[in-house]
Structures are given as structure tokens and as C-alpha cells.
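# Geometric and topological summary
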Amino acid sequence: MHIEPGYVASAKILAANLAAAALLGSQSIHLLKAPQLVVRSLIAGVLFLLFMQAFHLPVGPSELHFLGAMPLYLALGFVPALFGFAIGLLAQGLLFAPADLVHIGVNTLSLAVPLTLVHATLGKRLLAARARLDLRAVLKLDAAFYSGVTLMVGFWLAVGEVATPLSAWLAFASSYAAIVAVEPLLTLLVVAAIARGQHHAAVRFCFQPQAV
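The following refers to the structure shown. Residue indices begin from 1 for each chain and proceed along its sequence in written order. Two thresholds apply to this predicted model, a pLDDT of at least 70 for residue-level local features and 80 or more for giving and counting side-chain atom pairs, whereas whole-chain, interface and lining totals are computed over all residues. Each side-chain value is derived from all of the structure's non-hydrogen atoms; neither hydrogens nor water enter the calculation.

## A few points about the overall build of the protein
Rule in force here: The secondary structure listing takes helices from DSSP runs of H or I that are at least 4 residues long and strands from runs of E that are at least 2 residues long, numbered from the N terminus. Taken over C-alpha atoms, the radius of gyration is set against a globule rule of 2.2 Å times the number of residues to the power 0.38. A simple rule labels every residue: compare its accessible area, found with a 1.4 Å probe on the protein chains alone, to the largest value its type can have, and call it buried under 20%, exposed over 50%, or partly exposed in between.
Looking only at helices and strands, one finds 9 helices and 2 strands in the protein. Beginning at the N terminus, the succession of helices and strands in the protein can be written as α-α-β-β-α-α-α-α-α-α-α. For the protein, whose C-alpha radius of gyration is 17 Å, the value lies close to the compact-globule estimate of 17 Å for 212 residues. Structurally, the protein occupies a C-alpha span of about 55 × 35 × 30 Å along its principal axes. Taken over 212 residues, the protein has a buried fraction of 50%.

Structure, rendered in C-alpha cells:
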């Protein structure tokens with residue numbers, strides 16, 4: 001889901017940075033109201049960084065990553081997952097891929113916009129009924145989220161400075177079918193593990209999503 005340096009012009013990168021900052025800023029009030037969300041956001045950032053580093057493969061004009069997006073979302077909630085994406089991308093740029101810092105706003109939006117839309121449409125109801133999740137519901141979430149991610153990457157390529165064949169984007173988009181097939185199983189395992197540990201105060205503090 002990374003857009004490599006050189007694809008997007010400086011003015012569009014600046015606009016993406018401002019948009020990403022505005023989106024995160026609009027949700028920062030929740031961090032002030034519920035300080036435990038700061039802890040959850042840091043947990044999400046660390047886990048997201050580990051997920052990204054665990055598996056990444058160049059595909060077409062971008063990269064196939066294991067993102068662990070829905071396990072993070074359903075385990076920690078919308079706001080921590082949203083900030084976790086930004087924290088993870090920043091940490092990755094600082095620690096492993098400094099060149100990616102150029103497009104941190106672009107790459108943050110590629111994840112944050114689909115997550116926001118999924119949360120506003122399908123996610124809130126499923127967060128509230130997390131204990132009763134089934135494979136079909138999680139598949140819907142994953143399919144919606146990763147469709148959004150691939151469309152966002154397509155958008156950046158369409159407005160970019162480098163001509164990218166449609167076939168290259170289609171190869172990238174289709175590669176995420178493997179993630180959609182695998183990630184729901186991990187999601188259900190994570191949700192079940194949290195449910196079993198709900199009698200521990202630390203588990204409740206870190207993994208009790210709020211449907212905000």
C-alpha cells in the first residue's frame with residue numbers, strides 16, 4: 001500500500017499531509033476524553049509496525065503488506081487503529097525506510113480513509129457485538145477495507161506524475177485477495193483470546209473498544 005517516492009508531486013504531497021493531519025486532528029479529542037485510548041494507540045502502532053515488517057512484497061506499482069488492520073480495529077477500536085496506522089508508518093520511516101517519510105501523509109490516508117468509511121458504515125455495529133462476530137461478518141469488513149486501500153492507491157497513481165498501466169494496478173489490487181482470505185481467521189482468534197481474558201483488568205483497559 002506504499003506509494004514510492006517520485007510518484008506524487010510536492011504540491012499533492014503537501015495537500016495529503018494537511019488532509020491526514022486534519023483527519024487525525026478531528027479524532028484527537030477522543031484521546032483527551034479517554035486517556036486509555038493513548039495507550040491503545042501506542043499498542044496499535046507497535047503491532048502495526050510488526051505486522052508490516054513481518055511480510056511485505058513489491059507488487060506492481062506498490063507493495064503487498066500484511067497489515068493486520070481488522071485485528072487492530074476490532075481489538076482496540078477505531079481511534080487507536082487510526083492513530084496506530086500513523087504511528088506505525090512514522091516508526092517504519094524512522095527505523096527502516098527513511099524514503100517513505102516523504103509520503104507519510106499519502107500512505108496514512110490510504111489506510112485512514114478506508115478505515116473511517118468502514119467504521120462509519122459496517123464497523124460500529126460489529127464493534128458493539130464483537131463477542132458474537134462470525135467469519136462472514138469479518139470477511140465483509142476485510143473486503144470493504146482492503147477494497148478501499150487498493151482504490152486509494154489507484155487514486156494516488158492516477159493523480160501521480162508517473163504513468164502507471166492499469167494492469168500494474170490490477171496486479172497489485174488482486175494480490176490483496178490473499179490477505180482478505182487469511183486475516184479474518186487471525187481476527188477471530190484475537191477476538192476470542194480477548195474475550196477469554198476479559199476478567200483481567202489490564203485486558204479490559206487495553207482491549208475494550210469504544211464505538212466512537
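Further notes follow.
## Here we look at the pairing of strand β1 (residues 56–59)
To be explicit about the condition: Between any two strands, at least two bridges found by DSSP are needed for them to pair.
When β1 meets strand β2 (residues 62–65), the two strands line up antiparallel, connected through 4 bridges. Looking across to β2, one finds that V59 is bridged to S62. What sits between β1 and β2 in their antiparallel hairpin is a turn of 2 residues, with G60 showing a positive phi close to 60 degrees.

## Describing the environment of L47
For L47, the position within the fold is in helix α2 (residues 36–54). Its relative accessible area of 30% is what places L47 among the partly exposed residues. In this structure the C-alpha to C-alpha distance between L47 and G84, which are 37 residues apart in sequence, comes to 8.2 Å.

## As for the packing of helix α3 (residues 69–76) against helix α5 (residues 104–128)
Rule in force here: Angular values range over 0 to 180 degrees, each being the angle between N-to-C directions of two axes fitted as lines to C-alpha atoms, with helices fitted over their stretch in contact. Roughly parallel refers to an angle under 35 degrees, roughly antiparallel to one over 145, roughly perpendicular to one between 65 and 115, and oblique to any angle outside these ranges. If you view the pair so one helix is near and one far, a crossing is left-handed when the near helix is turned anticlockwise from the far one by less than a right angle, and right-handed when it is turned clockwise. Every residue pair with non-hydrogen atoms within 4.5 Å of one another is taken to be in contact. Nonpolar residues are Ala, Val, Leu, Ile, Met, Phe, Trp, Tyr, Cys and Pro. Charged residues are Asp, Glu, Lys and Arg, and all others, Gly as well, are polar.
Relative to each other, α3 and α5 sit at 50 degrees, their axes nearing to 11 Å. Here α3 is positioned oblique relative to α5, judged by the angle of their axes. Classified by chirality, the crossing of α5 by α3 is right-handed. Contacts between α3 and α5 involve M70, Y73 and L74 from the first element and L115, H119, G123, K124 and L127 from the second. Looking at the contact of α3 with α5 residue by residue, the class counts come to 5 nonpolar, 2 polar and 1 charged.

## Structural notes on the environment of L74
With respect to the secondary-structure elements, L74 resides in helix α3. For L74, a relative accessible area of 0% gives the class buried. For L74 and T164, which are 90 residues apart along the polypeptide, the C-alpha to C-alpha distance reads 35 Å.

## Quick look at the environment of E161
Defined as follows: Polar contact criterion, stated in full: a pair of N or O atoms within 3.5 Å, where within protein one must be able to donate a hydrogen and the other to accept it, and residues adjacent in sequence count only if both atoms are side-chain atoms.
The residue E161 is located in the loop between α6 (135–158) and α7 (166–175) in this model. Taking the C-alpha atoms as reference points, E161 and R130, 31 residues apart in sequence, are found 43 Å from one another. Ignoring sequence-local partners within four residues, the contact set of E161 consists of G6, Y7, V8, A9 and K12. At a separation of 3.4 Å, a polar atom in the side chain of E161 contacts the side chain of K12.

## Quick word on the nonpolar core
Counted only if it meets this: Nine residue types can take part in a nonpolar core, namely buried Ala, Val, Leu, Ile, Met, Phe, Trp, Tyr and Cys, and a core is a set of them joined through side-chain atoms within 4.5 Å.
Membership of the largest hydrophobic core comes to 65 residues, with the highest contact counts inside it found for L67, L111, L115 and F145. Residue assignment for this core shows that the elements contributing at least two residues are α1 (10–33), α2, α3, α4 (78–95), α5, α6, α7 and α8 (177–196). Of the residues forming this core, the biggest block, 10 residues, is contributed by α6.

## Overview of α2
Worth spelling out the cut-off: The span expected for a helix works out to 1.5 Å for each residue beyond the first.
For α2, with 19 residues, the first-to-last C-alpha span of 27 Å sits near the 27 Å given by 1.5 Å per residue. Taken residue by residue, α2 has L37, R40, S41, A44, G45, F48, L49, F51 and M52 as its buried positions.

## Focus on the pattern of salt bridges
Definition in use: The salt bridge criterion pairs a side-chain nitrogen of Lys or Arg with a carboxyl oxygen of Asp or Glu, the two atoms within 4 Å.
The tally for this structure, following the rule as stated, stands at 1 salt bridge. Linking K12 and E161 is a salt bridge whose minimum nitrogen-to-oxygen distance equals 3.4 Å. Highlighted residues: K12 in helix α1 and E161 in the loop between α6 and α7, separated in sequence by 149 residues. Overall, K12 belongs to the partly exposed group, its relative accessible area being 34%.

## A look at α4
When the terminal C-alpha atoms of α4 are compared, their 25 Å separation across 18 residues agrees well with the 26 Å that a helix rising 1.5 Å per residue should span. Summarising burial for α4: 14 of the 18 residues are buried, a large majority.

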